[in-house]
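# Observations on the model geometry
Each chain is listed here by its residues.
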Amino acid sequence: MCRPRPGQRTVTGTDTARTADPERATLDKATAENFPVAPFFLPRAWRTDLMAVYGFARLVDDIGDGDLAPGGADARLLGVPADQAGDRLALLDAFEADLRRVFDSTPRHPLLRRLQPTVRRCSLTPEPFLGLIAANRQDQLVRRYETYDDLLAYCELSANPVGRLVLAVTGTSTPERIRRSDAICTALQIVEHLQDVAEDLGRDRIYLPAEDMKRFHVQEADLATPTAGASVRALVAYEAQRARVLLNKGAPLVGSVHGRLRLLLAGFVAGGRAAIRAIAAAEYDVLPGPPKPGKLQLLREVGVTLRGEG
């Protein structure tokens, strides 16, 4: 439901696949996500539309994270000049131009051509898609966040649009549901940032608010160690509690819908709760690698969420 962020790519295999079929290479990443993209129990039309939305979100993130081969198939499809093919901002500009063609003509990239019927069938607007592009532009320019409010503003672009798109695709959007969805998506984004502290630092990005780092006496060098010290663990615990509060705030969204959509949304909330429990079980030491919940823990959290507990 929030911004997709799978693990780091295997360069040779991914680049070869992208050259042969860039559309399939992107969609195949759905199996590696932290959350169910379009699970089997949903109606086929919803699965088709959700995968189309996922393809967009995954590709724009791959562009923003530099996970595409410079001058590869995607750059050529988007019409980026060869001398700009390694420029992420140029790629994002070209991707935005192609997105706008979804709404008024014929896009160049196959993932955006796949998206066009979904946009028309579900009466989707450009705004949530533009938000995801803006978040990736911001990633090229902003690598540190001073305050928690600054981070929330980033999540408004990077995560919340995906939840809003899920509601739009399923025809269940209301102002109250959007508000609950935003809380869930922001929470999931914060949880993923906590899981990926070391990986993000490797990209020269820190999503832990600087004011909180100062409060807990954490220096950037403390995030580059093999294991977390007491100060880092206390900081991670603090941010995890913030995410837990947001998940609880958004959880009533699950009870506001019915049938298979209720199960899907319960899975999103449960995934966040289970991830927070995994982080706690690791004693908030996220630096050796992302703490991940087991399937049994996830199923337990789904049951708790469906019962309206937690």
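Heads up: these notes are all about the structure in this document. (Residues numbered from 1 in each chain as written. Predicted model: local features only at pLDDT ≥ 70, side-chain atom pairs only at ≥ 80, totals over all residues. Heavy atoms only, no water.)

Attention now goes to the overall build of the protein chain. Helix and strand content of the protein chain: 16 helices and 0 strands. Computed over C-alpha atoms, the radius of gyration of the protein chain comes to 19 Å, within 12% of the 19 Å expected from 2.2 N^0.38 for 310 residues, which places it in the range of a compact globule. On the principal axes, the C-alpha backbone points of the protein chain span a range of 50 × 45 × 35 Å. Of the roughly 13,200 Å² of accessible surface on the protein chain, 55% is carried by carbon and sulfur atoms. Averaging the coordinates of the 41 positive side-chain charges in the protein chain and doing the same for the 39 negative ones gives two points 7 Å apart. (Helix = DSSP H or I, 4+ residues; strand = E, 2+ residues; numbered from the N terminus. Rg over C-alpha atoms; globule rule 2.2 N^0.38 Å. Areas by Shrake-Rupley, 256 points an atom, 1.4 Å probe, with all protein chains shown as cover. Lys, Arg positive; Asp, Glu negative; His and termini not counted. Charge placed at Lys NZ, Arg CZ, Asp CG, Glu CD.)

Another aspect to go through is the packing of aromatic side chains. Summed over the entire model, instances satisfying the criterion amount to 8 aromatic pairs. Arranged with centres 5.0 Å apart and planes meeting at 80°, the rings of F56 and F129 form a pair that is edge-to-face. Remark: F129 occurs in helix α7 (residues 127–141) and F56 occurs in helix α3 (residues 44–64); sequence separation between them is 73 residues. Taken as a pair, F56 and F129 share a single burial class, namely buried. Here the aromatic cluster, defined as three or more aromatic residues joined through ring pairs, consists of F56, F95, F103 and F129. The positively charged end of R242 is found above the aromatic ring belonging to Y148, 3.7 Å away from the centroid. (Phe/Tyr/Trp six-rings, centres within 6.5 Å; stacked < 30°, edge-to-face > 60°. Buried < 20%, exposed > 50% of the residue type's maximum accessible area, 1.4 Å probe, protein only. Lys NZ or Arg CZ within 6 Å of the ring centre and 35° of its normal.)

Moving on to helix α9 (residues 160–169). Burial runs high along α9: 8 of the 10 residues are buried. Within α9, burial applies to N160, P161, V162, G163, L165, V166, L167 and V169.

Turning our eyes to something else, we now look at the packing of helix α5 (residues 88–104) against α7. The interhelical angle for the contact between α5 and α7, taken along N-to-C directions, is 175°, at an axis separation of 10 Å. Put simply, α5 runs roughly antiparallel to α7. Note on element contacts: α7 touches α5 through F129, L130, I133, N136, R137, Q140 and L141, opposite R88, L89, L92, D93, F95, E96, L99, R100 and F103. For the contact of α5 with α7, the residue count by class is 9 nonpolar, 2 polar and 5 charged. (Axes fitted to C-alpha atoms, helices over the stretch in contact; angles between N-to-C directions. Parallel < 35°, antiparallel > 145°, perpendicular 65-115°, else oblique. Contact = heavy atoms within 4.5 Å. Nonpolar A, V, L, I, M, F, W, Y, C, P; charged D, E, K, R; others polar.)

Looking now at the nonpolar core. In terms of nonpolar packing, the biggest core is built from 83 residues, with F56, I63, F95, L115, F129, L208 and L223 touching the most fellow members. Here I63 is in contact with L68, L78, R88, L91, L92 and F95, once residues within four sequence places are set aside. (Core = buried A, V, L, I, M, F, W, Y, C linked by side-chain atoms within 4.5 Å.)

By the definition in use, this model includes 23 salt bridges. Residue R144 is joined to D204 by a salt bridge in which the shortest nitrogen-to-oxygen separation is 2.8 Å. In this pair, R144 sits in the loop between α7 and α8 (148–158) while D204 sits in the loop between α11 (197–202) and α12 (210–215), placing the two residues 60 residues apart along the sequence. By relative accessible area, D204 is classed as partly exposed at 38%. Put simply, R203 and E199 hold a salt bridge, and the shortest N to O gap is 3.6 Å. Using a relative accessible area of 22% as the deciding quantity, one classes E199 as partly exposed. (Salt bridge = Lys/Arg side-chain N within 4 Å of Asp/Glu carboxyl O.)

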